[in-house]
Amino acid sequence: IKLEAVEKVNQVNDSKELQEVKVAYLGKKGSLTGVLRGMGKLSKEERPVIGEIANQVRETITSAIEEKSKVLEEKALEEKLQAEAIDVTLPGRPVKAGGPHLLTSIVEEIEDLFIGMGFEVREGPEVETDYFNFEALNLPKDHPARDMQDTFYITNELLMRTHTSPVQARTMQSYGGSKPFKMICPGKVYRRDTDDATHSHQFTQIEGLYVDKDVKMSDLKGVLDVFAKKMFGQDREIRLRPSFFPFTEPSVEMDISCKSCDGQGCSVCKGTGWIEILGAGMVHPNVLSMAGYDPNVYSGFAFGMGPERIAMLKYGVNDIRQFYLNDVRFLKQFHNA
Ligand code: PHE
């Protein structure tokens, strides 16, 4: 039995087979167990002799099984390590890196520029009240200029803001009518427009407002000139044209000179040599007083520009929808812009 068992243990290839051998010899119905059971039938003299032999055989088989089991375990571990081995010399797969959206970059560039001139950056709600979007900006109910900005209404009094100008009124209110300040406010705005290459029902604006005791039109012009030159290059000129906004008086629109089109054949400048990039003006006395500032003591200038337009001009983007389609082939061109 001993030799046969040890031989079998040696032939075993895996732990399942080993278990079978163990059961066959040492299990309840195993052959060695059979011998030990039969001991009762032996004579007094034979019993201790056979018992000792049987115990020796059991020990031998048990230790053979234990040894084999260790060997099998090691073999299994070895195989597992082999299978899980990683070839650290394989060239890596590059991880694709994202980058800021072109609009984000442009807005941040404009923010930095105005922060450099002492402006703070503010935010305001996109869901706005009729009061802040219109009334506080000198557009009473039934004012015809409300049609200038086709509005998405939510209720009679709540709407999606059509411009960032409501943040003018909100900021003045928060300063309590007595402190001078300079702020800009970037944000999303909404208008009922049919989307095409130059219109989008949602776009962004950056509002600017400076209120102090002696703010003049020349201050506005100076700040806008610095902005245009820093944004587009020292060789750019600005031009202010008279315009109308209910919340500024006088009101202007600002054009910037086109560099590359020489007055003809240029799609962004439409052959004129100039492109409009923002609306501005001196804050209307009514707007100042509604927000708590005495128009006899304080004056201010305000402007509102469209970062999409600025990006389109700066990088020659010809369709405003590109900003919102999120086509990575378009966007990744500007990751180092
Ligand atoms: N809110 C105006 C618009 O959306 C722009 C503007 C802002 C004009 C501030 C003057 C002063 O068209």
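Residues numbered from 1 in each chain as written. Predicted model: local features only at pLDDT ≥ 70, side-chain atom pairs only at ≥ 80, totals over all residues. Heavy atoms only, no water.

Draft legend 1. Expanded view of the overall build of the protein. Counting secondary structure elements, the protein contains 12 helices and 9 strands. Its C-alpha atoms give the protein a radius of gyration of 42 Å, more than 25% over the compact-globule value 20 Å for 337 residues. Principal-axis analysis of the C-alpha atoms places the extent of the protein at approximately 130 × 45 × 35 Å. A total of 337 residues make up the protein; the buried ones form 42% of that total. Sequence-distant contacts, at least 24 apart, represent 66% of the contacts inside the protein between residues at least 6 apart. (Helix = DSSP H or I, 4+ residues; strand = E, 2+ residues; numbered from the N terminus. Rg over C-alpha atoms; globule rule 2.2 N^0.38 Å. Buried < 20%, exposed > 50% of the residue type's maximum accessible area, 1.4 Å probe, protein only. Contact = heavy atoms within 4.5 Å.)

Draft legend 2. Looking closely at a negative patch on the surface. Taken together, the side chains of Asp-147, Asp-150, Asp-193, Asp-195 and Asp-196 make up a negatively charged region of the molecular surface. For Asp-196, a relative accessible area of 30% translates into the label partly exposed. (Patch = residues over 30% accessible without salt bridge, like charges linked within 9 Å, V, L, I, M, F, W, Y side chains within 5 Å. Areas by Shrake-Rupley, 256 points an atom, 1.4 Å probe, with all protein chains shown as cover. Salt bridge = Lys/Arg side-chain N within 4 Å of Asp/Glu carboxyl O. Lys, Arg positive; Asp, Glu negative; His and termini not counted. Charge placed at Lys NZ, Arg CZ, Asp CG, Glu CD.)

Draft legend 3. Representation of the pairing of strand β7 (residues 248-257) within the structure. Of all 10 residues making up β7, 8 are buried, and the element is well covered by its neighbours. Judged from the 7 bridges that link them, strand β6 (residues 238-245) and β7 form a sheet pairing that is antiparallel. Counterpart to Pro-242 in the pairing with β7 is Val-252. The turn linking β6 back onto β7 is made up of 2 residues. Relative to strand β8 (residues 274-283), β7 is paired through 8 bridges, and the arrangement is antiparallel. Across the sheet, the residue bridging to Ile-256 is Ile-275, located in β8. (Pairing = 2+ DSSP bridges.)

Draft legend 4. The sheet that holds strand β1 (residues 120-121), seen in detail. Strand order across the open sheet formed by 7 strands is β1-β4-β5-β9-β8-β7-β6, with mixed pairing between neighbours. In the strand order of this sheet, the two ends are held by β1 and β6, each with one partner. Together, β1, β4 (181-190), β5 (202-212) and β9 (299-305) form the strand contacts of helix α5 (residues 102-115), whose direction differs from that of β4 by roughly 165°. The sheet strands contacting helix α10 (residues 307-315) are β5, β7, β8 and β9, and the helix crosses β5 at an angle near 105°. (Axes fitted to C-alpha atoms, helices over the stretch in contact; angles between N-to-C directions.)

Draft legend 5. Summary view of the UniProt feature "binding site: Mg(2+)" (unreviewed entry) in the protein. In the numbering adopted here, UniProt assigns the feature "binding site: Mg(2+)" (unreviewed entry) to Glu-249. Apart from the residues within four sequence positions on either side, Glu-249 is in contact with Met-282 and His-284. (UniProt positions renumbered as here; feature names shortened; annotations may be inferred.)

Draft legend 6. Representation of the pairing of β9 in the model. Within β9, 6 of the 7 residues are buried, which leaves the element mostly enclosed by the surrounding structure. Relative to β9, β8 runs antiparallel, the two being bridged by 5 bridges. By the bridge assignment for β9, Gly-281 is matched with Ala-302.

Draft legend 7. Seen up close, the site of the ligand. Lining the immediate surroundings of the ligand are 15 residues, of which His-163, Ser-165, Arg-191, Gln-205 and Glu-207 lie closest. Between His-163 and the ligand, the recorded distance is 3.0 Å, taken from a side-chain N or O atom to a nitrogen atom. The separation between a nitrogen atom of the ligand and a polar side-chain atom of Ser-165 is 2.9 Å. Summarising the interface, the protein chains cover 92% of the accessible area of the ligand, which totals 320 Å² for the free molecule. Counting only elements with at least two residues in the shell around the ligand, the list comes to β5, β8 and β9. Residues of the shell around the ligand, tallied by class, amount to 5 nonpolar, 8 polar and 2 charged. (Near = heavy atom within 4 Å. Polar contact = N/O pair within 3.5 Å; in protein donor to acceptor, adjacent residues only side chain to side chain. Nonpolar A, V, L, I, M, F, W, Y, C, P; charged D, E, K, R; others polar.)

Draft legend 8. Structural context of the nonpolar core. Counting 43 residues, the largest nonpolar core has Phe-114, Phe-227, Ile-277 and Phe-303 as the members making the most contacts within it. Elements supplying a minimum of two residues to this core: α5, β5, α8 (217-232), β7, β8, β9, α10 and α12 (328-331). Once you skip the residues sitting within four places of it in the chain, Phe-227 turns out to touch Ile-110, Leu-113, Phe-114, Ile-277, Leu-278, Met-305 and Ile-310. If you look at the next biggest cluster of nonpolar residues, it comprises 21 residues, including Leu-139, Val-167, Tyr-293 and Tyr-298. (Core = buried A, V, L, I, M, F, W, Y, C linked by side-chain atoms within 4.5 Å.)

Draft legend 9. Geometry of the packing of α8 against α10. One way to put it is that α8 packs onto α10 with a least axis distance of 11 Å and a crossing angle of 45°. Looking at the two axes, α8 sits oblique to α10. Where α8 abuts α10, its residues Phe-227, Met-231 and Phe-232 lie against Ile-310, Leu-313 and Lys-314. A breakdown of the residues in the contact of α8 with α10 according to their chemical character gives 5 nonpolar, no polar and 1 charged. (Parallel < 35°, antiparallel > 145°, perpendicular 65-115°, else oblique.)

Draft legend 10. How the structure looks around the environment of Ala-24. Within the fold, Ala-24 resides in helix α2 (residues 15-26). For the pair Ala-24 and Ala-5, spaced 19 residues apart in sequence, the C-alpha to C-alpha distance is 8.9 Å.

Draft legend 11. Region of the structure containing the side chain of Thr-164. Here Thr-164 shows up in the loop between β3 (158-160) and α7 (166-174). Separated by 2.8 Å, the side chains of Thr-164 and Glu-207 make a polar contact. When sequence neighbours within four positions are dropped, the list of residues in contact with Thr-164 reads Cys-185, Gly-187, Val-189, Gln-205, Ile-206 and Glu-207.

Draft legend 12. How the structure looks around a nonpolar patch on the surface. A contiguous nonpolar surface patch, about 380 Å² in accessible area, is contributed by Ile-1, Val-35, Val-49, Ile-50 and Ile-53. In terms of residues, the nonpolar patch owes the most to one element, helix α4 (residues 46-84), which gives 3 residues. Mapped onto the fold, Ile-53 is located in helix α4.

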